[in-house]
Amino acid sequence: MTQENAYPVSKEGLAANGHTLTTVDDDGPATQPNEPAPGLLSRRPVRLLLGLVVPALILVLWQLNSVVGVFSAVQLPPPSAVGTAAVELIERGELWIHIAISTQRVLIGFALGATLGLALGALLGLSRLADALLSPTIGALRAVPSLAWVPLLILWMKIGEDSKVTLILIGAFFPVFTTLFLALRHVDRNLVEAARAFGLKGIRLLTTVQLPAVVPAVFSGLRLALAQAWLFLVAAELIASSLGLGFLLTDSTNNGRTDRIFLAIILLAVIGKTTDALLGIAERWAVRRWT
Amino acid sequence: MLLPGAMELYMSTVLSAQQQAAGKAQPTTADKLALPVTFSALTRSFGSGTSEHVVLRDINLEVRAGEVLAIVGASGCGKSTLLRAAAGLDAPTTGAVLIDGTPVNGIDDRCAVAFQEPRLLPWLSLRANVAIGLPRGTGAAAGKAKVTELLGLVELADFAEHRPREVSGGMAQRASLARALARNPGVLLLDEPFGALDALTRLKMQDLLLDIHRAQPTTVLLVTHDVDEALQLADRIIVLGKSTDPARPGASVTEVLTVPGRRPRDRNSADLGRMRSSLLATLGVKGH
């Protein structure tokens, strides 16, 4: 599983998809691989605080720059300027619109792409015929750098919501498709054989063994897809848009508003990290539930 | 010294007590009969043409209903292949496996298998895993009662709601055995079921298997690489081995031994000792 998978999936997801190494001994419960040693570093609040060290350090250096002046204020405005820019945009009621429209595009594109990825991944993962029929085509489409679709999308759908959402859909589709397809192909043969030996076949085999076995992998795929969706959102909005965080970036570049560029980047980081963390919680739950 | 009459009385009391115990432990399965298994001119080869690789050649074997038959042989000699043919997990190239006179064709619901690894579904509790073995069409209440009963039989009643990864290897293997028994099999196929366990756990599991066989006297085909295990558990032992004649590749039955004495047997008896030495010699281990 791990070797064929082109995407670096999370530790939990990997542990769940691969052959779980259960050590057989009778002294106690089978030991889990990759279990962190109990210590200070495994405590949640400690980890959270340590995670904030580097951002705080960056903030300090950033603030220091405005005093020492290594970079000019145009290249690197002080943090306070970014804060002022945020307040200004909030007061004009624009910031929320940018955030809302970007989030909406990501969520719709992600939902559609993930659904399509789940459907096709399941179809090709379970049916040898569908695999033989469709795999080469999907593989070829996947090889096309996604931005190459942009001219075609604009030609077909004009510059509007549809073309942007479609681009995000393409971005979200492949991680979900690939992880589900590979996971279904690598469901532990021993488990499938054991279930078959007890008379399970067809739909019952699918719902009892194959689908539960791939749930953790699906969540890893969804997480990757969401990250891709944000990536493609910015690509779509940079090219042609009048609203959204990507537009805020281009617009600010054109107007020389470096403070707003920083604001947009920080917002993308924070929102992206937040949505990823939410899916991460769901993933951890799924791994606990299904492995 | 007991009088002959008294001895008879004693034996019948023991027997009826055993039957009662068996009846009490297995009220739903007492009616199920153990089934005879016949391997008829079974040959299994993989590949074809020049790359054909014969694993089993011309296996003819009658397994009596209710007996415990151990299958021993060097590793890679096709012991598991033979078992898989009986389970319907694999089809013979030529010949057939007959259970109770009718040929096995595909997965057979008269058989149940326990593998060397527990092969439990990690996302289900032990109870739910055992329930997978229940024959289709078992009612919810009857199924639940049966699973509870079997979990008790394999001493896992307190761990019914645990997940496989939360219990030890031996416990998982017991759950796997209970899952096989849930199928109410006429033939129980065990593929080195204790091979991955430590020595102490293995001895306990062997005793448990004897208890289970008393409670639910099905036909048992036990593949093992452990000669002592075979001597302890089996009524008969067959040895699978390859012929030295290169024109006859593949393993066949080279020896059929009847193990003397009733179970549980004294592990240190001289009879078994001699048999152990001769079996080990057959398997290519000298001087034991």
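What you see is a predicted model, and the numbers here were worked out from it, not measured in a lab.

J.: Honestly, the interface of chain B and chain A in this entry has me stumped. Any pointers?
T.: Interface size is commonly expressed as the accessible area that is lost once the parts come together. Opposite the 30 residues of chain B that make contact, chain A presents 25 residues. For the chain B and chain A pair, buried surface summed over both sides reaches about 2400 Å², with 58% attributable to carbon and sulfur atoms. By the criterion of area lost to chain A, the three top residues of chain B are R119, W123 and R165 of chain B, representing 31% of everything that side buries. Taken together, chain B and chain A are joined by two salt bridges. For the side of chain B that touches chain A, the secondary structure elements donating two or more residues are β6 (111–114) and α5 (169–182) of chain B. No other element matches α5 of chain B, which puts five residues into the side of chain B that touches chain A. Tallied by class, the residues present in the side of chain B that touches chain A amount to 15 nonpolar, five polar and 10 charged.

J.: Would you take a moment to explain the UniProt feature "transmembrane region" (unreviewed entry) in chain A for this structure?
T.: All names here are of chain A. UniProt records the feature "transmembrane region" (unreviewed entry) at residues 48–74, 106–127, 139–159, 165–184, 205–224, 230–249 and 261–282, using the numbering of this structure. Structurally, residues 106–127 is divided into 95% helix and 0% strand, and its ends, taken at the C-alpha atoms, are 31 Å apart. For the annotated span residues 139–159, helix accounts for 62% and strand for 0% of the residues, and the straight-line distance between the end C-alpha atoms is 28 Å.

J.: Help me understand the pattern of salt bridges, please; the structure alone is not making it clear to me.
T.: Side-chain pairs of opposite charge can arise where the charged atoms are in close proximity. Residues and elements named next belong to chain A. Summed over all chains, the structure comprises 24 salt bridges over all chains. Across the pair R257 and E88 runs a salt bridge whose closest N-O atoms are separated by 3.3 Å. With R257 in the loop between α10 (245–255) and α11 (258–290) and E88 in helix α3 (residues 79–91), this pair connects stretches of sequence that are 169 residues apart. Exposure remark for R257: the relative accessible area of 24% places this residue in the partly exposed category.

J.: Which parts of the structure should I look at to understand the packing of helix α4 (residues 95–126) of chain A against α11 of chain A?
T.: Each packed pair of helices is defined by two parameters, the angle between the axes and the distance between the axes. Residue and element names in this part refer to chain A. The N-to-C vectors of α4 and α11 enclose an angle of 40 degrees; their axes lie 12 Å apart at closest approach. As far as their axial angle goes, α11 and α4 are oblique. The element α4 and its partner α11 pack so that their crossing is right-handed. Contacts between α4 and α11 pair L95, I99 and F110 from the former with L263, L267, I271 and L279 from the latter. Here the residues of the contact of α4 with α11 sort into seven nonpolar, no polar and no charged.

J.: Sorry, what's going on with a positive patch on the surface here?
T.: All names here are of chain A. Taken together, the side chains of R44, R47, K273, R284 and R288 make up a positively charged region of the molecular surface. Looking at the positive patch, the elements with two or more residues in it are α2 (44–68) and α11. Considering each element in turn, the positive patch owes the most residues, three residues, to α11. Turning to its location among the elements, R44 is positioned in helix α2.

J.: Quick question: what am I supposed to make of empty space enclosed by the protein here?
T.: Residues and elements named next belong to chain A. Counted according to the given criterion, the structure contains five cavities of 30 Å³ or more. Estimated volume of the largest cavity: approximately 100 Å³. Considering the residues around the largest cavity, the lining is formed by V150, L153, I154, I159, G160, S163, K164, L167, A236, I239 and A240. Secondary-structure elements contributing two or more residues to the lining of the largest cavity are α6 (150–157), α7 (161–185) and α9 (202–239).

J.: Explain the side chain of Q232 of chain B here, please?
T.: Residue and element names in this part refer to chain B. Within the secondary structure, Q232 is located in helix α7 (residues 227–233). Taking the relative accessible area as the measure of exposure, Q232 reaches 4% and is therefore buried. When residues no more than four places from it in sequence are discounted, the contact partners of Q232 are Q206, L210, R263, P264, R265 and R267.

J.: I tried to follow the environment of L197 of chain B on my own but got confused; where do I start?
T.: All names here are of chain B. Within the element layout of this structure, L197 appears in the loop between β7 (187–191) and α6 (199–215). Judged by relative accessible area, L197 falls into the buried class, the value being 6%. Put simply, L197 and Q173 are 24 residues apart on the chain and 8.7 Å apart in space, counted from C-alpha to C-alpha.

J.: Mind showing me how you'd approach helix α2 (residues 79–87) of chain B here?
T.: The periodicity of an α-helix, 3.6 residues per turn, causes residues three or four positions apart to be oriented the same way. Residues and elements named next belong to chain B. α2 sits mainly inside the fold: seven of its nine residues count as buried. For α2, the complete set of buried residues consists of K79, T81, L82, L83, A85, A86 and A87. In the segment just after α2, G88 is the residue with positive phi, at about 85 degrees.

J.: When you look at the packing of α7 of chain A against α9 of chain A in this model, what are you seeing that I'm missing?
T.: Residues and elements named next belong to chain A. Packing of α7 against α9 leaves a shortest axis separation of 7 Å and a crossing angle of 155 degrees. Comparing their axes, α9 and α7 come out roughly antiparallel. The handedness of the crossing between α7 and α9 is right-handed. Within the contact of α7 with α9, the residues separate by chemical class into 18 nonpolar, five polar and two charged.

J.: It is not clear to me how the packing of aromatic side chains should be interpreted in this structure. Could you clarify?
T.: Aromatic rings in a pair are described by how distant their centres are and how their planes are angled relative to each other. Residues and elements named next belong to chain A. In this structure the tally under the stated criterion is four aromatic pairs over all chains. Summarising the aromatic geometry, the rings of W62 and F262 are spaced 5.3 Å apart at their centres and angled 35 degrees between planes, so their arrangement reads as tilted. With W62 in helix α2 and F262 in helix α11, the pair connects residues that are 200 residues apart, well separated along the chain. On the accessibility criterion, F262 (23% relative accessible area) is partly exposed. A ring pair is formed by F173 and F177, whose centres lie 5.4 Å apart and whose planes are at 15 degrees; its orientation type is stacked. Of this pair, F173 and F177 both sit in helix α7, separated by four residues, roughly a single helical turn. The class of F173 is buried, set by a relative accessible area of 7%. We classify F177 as buried; its relative accessible area is 6%. Among the aromatic residues, those joined into a ring-pair cluster are F173, F174, F177 and F181. In this structure, R289 packs its charged tip against the face of W290, placed 4.4 Å from the ring centre.

Scoring rules and cut-offs
- Residues numbered from 1 in each chain as written.
- Chains lettered and ligands numbered in written order.
- Predicted model: local features only at pLDDT ≥ 70, side-chain atom pairs only at ≥ 80, totals over all residues.
- Heavy atoms only, no water.
- Contact = heavy atoms within 4.5 Å.
- Buried area = accessible area lost by both parts, 1.4 Å probe.
- Salt bridge = Lys/Arg side-chain N within 4 Å of Asp/Glu carboxyl O.
- Helix = DSSP H or I, 4+ residues; strand = E, 2+ residues; numbered from the N terminus.
- Nonpolar A, V, L, I, M, F, W, Y, C, P; charged D, E, K, R; others polar.
- UniProt positions renumbered as here; feature names shortened; annotations may be inferred.
- Buried < 20%, exposed > 50% of the residue type's maximum accessible area, 1.4 Å probe, protein only.
- Axes fitted to C-alpha atoms, helices over the stretch in contact; angles between N-to-C directions.
- Parallel < 35°, antiparallel > 145°, perpendicular 65-115°, else oblique.
- Left-handed = near helix turned anticlockwise from the far one by under 90°.
- Patch = residues over 30% accessible without salt bridge, like charges linked within 9 Å, V, L, I, M, F, W, Y side chains within 5 Å.
- Areas by Shrake-Rupley, 256 points an atom, 1.4 Å probe, with all protein chains shown as cover.
- Lys, Arg positive; Asp, Glu negative; His and termini not counted.
- Charge placed at Lys NZ, Arg CZ, Asp CG, Glu CD.
- 1 Å grid on protein atoms, 1.4 Å probe; cavity = no way out; pocket = protein on both sides within 12 Å on 5 of 7 lines; lining within 4 Å.
- Points joined across faces, edges and corners; volume = space filled by probe spheres on them.
- Phe/Tyr/Trp six-rings, centres within 6.5 Å; stacked < 30°, edge-to-face > 60°.
- Lys NZ or Arg CZ within 6 Å of the ring centre and 35° of its normal.

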